[in-house]
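Given next are the chains, with one letter for each unit.
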Amino acid sequence: MKKKLDSETEEVTVYQIRIKGHLDSGWSDWFGGMTLTREEKGQTLLTGPVVDQAALYGVLKNVRNLGLTLISVYPAESVPTADGDSE
Amino acid sequence: MSSETMKPEPLLTTKLCRPPTRPNLLARPRLIERLNASLHPGRTLTLVSAPAGFGKTTLVSRWAAACGRPVAWLSLDKDDNHPTRFLTYLVGAVQTVEPALGEGALSALRSPQPPPIESVLTVLLNELSALSEPFVLVLDDYHVIETQGDDGPATAGASMSVDEALTFLLDHLPPPMHLVIATREDPPLPLARYRVQGQLTEVRVADLRFTPAEAAEFLKQVMDLELSEEDVAALETRTEGWIAGLQLAALALHGLSQQRSPSLPGIEGASRFIESFTGSHHFVLDYLVEEVLKQQPERVQTFLLETSILNRLCASLCDAVWEPPGERELSLPGRAEPSPPNSQTLLEYLERSNLFLVPLDPERQYYRYHHLFADMLRHRLQRRSPELVPRLHARAAAWFEERGRAADAIGHWIAAEDYPHAAEAIETFGYRYFEKADFQQLSQWLEQIPAALIQTRPWLCVFYSWALIFTGQYAEADRYLTHAEETLVPASEIDAPERRDLYGHVAASRAFLASRSQDGEGILRYADLTLKYVSDDRRAIRGYIALLRGTGRYQEDQYTRAEASWRESARLNEEAGNTMVAVNSLVALAELHRVQSKLHQSLKVCQEAADLALDAWGKPLPVSAEVYVARARLRYEWNDLEAAETDLDQAAELMTLYPSFDLKVDYHTELSRLRLAQGNPAHAADLIHEIEASNRQPFYRSAAAFLACRIHYYLAVGDLATVEEILDSQDWTLEERNLFAWAAAFLAYARVLIHQEAFQRANDLLDACRERLETHELWTPALKALILQVCISQRQGETDTARQQIQRALMLAEPEGFVRIFVDEGPLIARLLGEAGIRGMMPDTTGKLLTAFEAESEGDQAISHPTAIPADQPLVEPLSPRELEVLQLVAQGLSNREIAEKLYLALSTVKGHNRNIYDKLQVHRRTEAVARARELDLL
């Protein structure tokens, strides 16, 4: 896949962050507006676009500051934010 | 003395206070023992690294209280994520153990353009290693320090991040110091290396986590809960030994028991709670905080939520911020009487109830919430009543403002996004930062205020313009000043004292701006306006403007007036306690005296400046570096090269803490001149290249002196291409240049012309220089010009002219003892001086100079003297008048006996004179002596 980095189709990466414990959706603000989904085995999945690495570390820092246990961090596939020509 | 008024906003001492420990803490002997072992020799660093709520601070504080060494404590917060501030507090912490330490470092850190962090650290480390008693430095909450490149503020002058500074500190850690870092995440340090080298002691989450036994003891002894063994085990499992979780669970259980029946702990209810809690997958903390809050009376809940925006709490501040709900009576659980709802009672209650309130001082005046708990509270506050948050910040701001605590007030106004109030507060309190030149703080605030708002407030424009000028943003500064001036139109109506004062300050900013473009006329015009309008009690600004006025005056060739300005400036600034500016003024004055050829007076002024530039312990302040460089120049003139080098060494040591680039250039200029004189061109080259490679431009005077230094050096080593390049890069219109600053550069130019044998052009240039220099009584460069002209005359075979010129030069040089100014020109001048001495012209002076020349020629001088032709004659010592008399008679063909009779001397005496004459002329018989004397024009 060819990556384009002009202003029309700036790509952001969607990340999935899994943490231990059930968080309610009110915490979304603390994690850059990511969507919180409760999962089996008492885990919560945070899903959402992360503009860059600095933003990702910001989210992870909040995980740390709240004393949450981090289980995994995965980048989902890249998706263009503006409509158009993803080949 | 100065130290009082120079002191900026005091450090927050609560940050330097080891948090007091509670009496009923759980003893944790296994951890205390490990920490004790960390003080064994060779172990330099202790790392306590675990997530929030594992009792890091409590453990370290408790251990520190009984570790047997003095402990310096620093609780970091996010504002410390700035190397300068971090180091300021670090020194502050160390000073709680050793008060006399680090004053130099502190004063350097407080200057508007702090020196490189590495320099400050080096100085600090040297002082630390001299301590006899070992001590411990604790850095708590180190995780607030962000790795740079994140969103750390850009720092003028700081070359290192805090992390790098810490690594540097650890790599050079002086033996008396042991460092303890408590943090939520491992700091970016080479920990693996420290581990391998056995320097590191670690306490990690596995160690900190409560064991089942500790959990049981904690719940029973500390939290006063009677629980069944199964319940304890269930709680321990569910919280995984997480202390904050256990504590919250215990609090929730307490609440449950009191809801049911205050007297009896409800074992049944407890079991049910534990069951539901352990069975759920809730985020432990979220769940428990909710539980705990729910069980508190509403007043306590609102108190907790609304005061969570505060970094530090005290009763009066909480009273101001917190809005108690309704008139309902507050009855605190566990208290028989309903209590008045004041904050003090609540704070005490919270501390007693283990509700995550940490006392910050032994008197329990200040508290803070446990960080984790505060985060949870803020989260709830934001969710429950977002509209309240700015209001709470605004109330806190008002409280701080009333008490004159500017920094906190402004910070809260900004957090409240109430920019008009923030602007007003900066206007009210900004002057004290302005006065002590803390432009770092001022611009940090002003950058957060919308520009449109600043533009409507002339005082803010004034403050901001200085900060901008300091960082070289002249156009921006000019824009803000224009806005300030627009509010003052028409100028004729400036009559109210407040408006006059403001107008004066705008003028001062303009003068400052003019000084950055060598606009002497502009400086003087605006300085006059400043002094006319600024209120009499504004001593700092008056003092600074007096210094600038000196600059303006010399740029306008008004040297007598420049002298008076600098004198005045030294006095005003000393009175105002601005030691640094006072010393700057005296050094400028000393420089002027040197150039006026008043070397001894210059030395006196240097001494005066050195006496002034001492700290409270009598040690030289960093600004003394200026004085040492100025004094080295005098020592050089007197050819006391060793003393000059000592001065420069001292300057180098102090300079690391003195952030002036101009001084750095001056120092390099002076030292490379010294190295050339000492026959070490390689080192001179290094010094010059270092400045060239820095790609920075010093200001007017330093720039011109460095230019001269470069020309001199490249000419001496025969790199004529570079000399040409340097000459081509400059405008050499003499009339355009101020000669106090530029004389040395023009003389260097003339020297190049002499080297190229363009004697006529060189002579014309030197004539023109001398005319102006002599008009303004700048005798030192005038003397140098004359000596260069001696060289020209001699090289052109105009012996008589050369003789007259050197006679005049000797007369100018004699009273102040100039030596180097001759010696630097080499053998040609030496020979002329020798002849002058033989003719009996000022024998003391020529004798002294010739001795200096001889000493010079003994050393292996690698440097050629560009003005000189190769020496074809040995040096000669001057003949005494009697010897000259004898020589004349010898030349007339008289025998020794005849001479003795004629001069009424014993024959042996005449023979003695003859021996001396032969010696001095380096000949062996009478005929040779006469021939040599004719050659030298002695007869």
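Please refer to the structure higher up on the page.
Residues numbered from 1 in each chain as written. Chains lettered and ligands numbered in written order. Predicted model: local features only at pLDDT ≥ 70, side-chain atom pairs only at ≥ 80, totals over all residues. Heavy atoms only, no water.

**Comments concerning the interface of chain B and chain A**
Reasoning step 1: Facing 18 residues of chain B, the contacting portion of chain A comprises 18 residues.
Reasoning step 2: Taken over both partners, the interface formed by chain B and chain A buries close to 1,600 Å², and the fraction arising from carbon and sulfur atoms is 52%.
Reasoning step 3: Taken as a group, H281, F283 and H379 of chain B account for 37% of the area that chain B buries against chain A, more than any other trio of residues on that side.
Reasoning step 4: The interface formed by chain B and chain A contains three salt bridges.
Reasoning step 5: Among the salt bridges present, the one from E185 of chain B reaches R64 of chain A, with a minimum N-O distance of 2.4 Å.
Reasoning step 6: In this assembly, chain B and chain A are joined by six residue pairs in polar contact (both at pLDDT 80 or more).
Reasoning step 7: At the level of secondary structure, the elements contributing two or more residues to the side of chain B that touches chain A comprise α14 (284-295) and α18 (371-384) of chain B. (Contact = heavy atoms within 4.5 Å. Buried area = accessible area lost by both parts, 1.4 Å probe. Salt bridge = Lys/Arg side-chain N within 4 Å of Asp/Glu carboxyl O. Polar contact = N/O pair within 3.5 Å; in protein donor to acceptor, adjacent residues only side chain to side chain. Helix = DSSP H or I, 4+ residues; strand = E, 2+ residues; numbered from the N terminus.)

**Structural notes on the nonpolar core**
Reasoning step 1: W566, I711, W732, W742, F822, I829 and L833 of chain B are the most contacted members of the largest nonpolar core, which totals 120 residues.
Reasoning step 2: Among the elements that make up this core, the one with the highest residue count is helix α38 (residues 739-755) of chain B (14 residues).
Reasoning step 3: Setting aside its immediate chain neighbours within four residues, L833 of chain B contacts I806, L810, F822, T846, L849, L850 and F853 of chain B.
Reasoning step 4: Judged by nonpolar contacts, the second largest core, of 107 residues, contains L68 of chain A together with V180, L285 and Y369 of chain B. (Core = buried A, V, L, I, M, F, W, Y, C linked by side-chain atoms within 4.5 Å. Buried < 20%, exposed > 50% of the residue type's maximum accessible area, 1.4 Å probe, protein only.)

**A short note on the pattern of salt bridges**
Residue and element names in this part refer to chain B.
Reasoning step 1: This model, assessed by the stated rule, comprises 56 salt bridges over all chains.
Reasoning step 2: Put simply, R391 and E323 hold a salt bridge, and the shortest N to O gap is 3.9 Å. With a gap of 68 residues between them, R391 in helix α19 (residues 388-402) and E323 in the loop between α16 (315-321) and α17 (343-352) connect regions that are remote in the sequence.
Reasoning step 3: Take R391: its relative accessible area is 41%, and that puts it in the partly exposed class.
Reasoning step 4: With a relative accessible area of 37%, E323 lands in the partly exposed category.
Reasoning step 5: A single network of salt bridges, built from pairs that share partners, joins E591, R594, R633, D666, E670 and R673.

**Some thoughts on the packing of helix α45 (residues 881-891) of chain B against helix α48 (residues 926-935) of chain B**
The description of two helices packed together rests on the angle between their axes and the distance between the axes.
Residue and element names in this part refer to chain B.
Reasoning step 1: For the pair α45 and α48, the least separation of the axes is 10 Å and the interaxial angle reads 110 degrees. With respect to α48, the element α45 is oriented roughly perpendicular. The hand of the α45/α48 crossing is left-handed. Residue-level inspection shows L887, V890 and A891 of α45 in contact with α48, the latter providing R926, A929, V930, A933 and R934. (Axes fitted to C-alpha atoms, helices over the stretch in contact; angles between N-to-C directions. Parallel < 35°, antiparallel > 145°, perpendicular 65-115°, else oblique. Left-handed = near helix turned anticlockwise from the far one by under 90°.)

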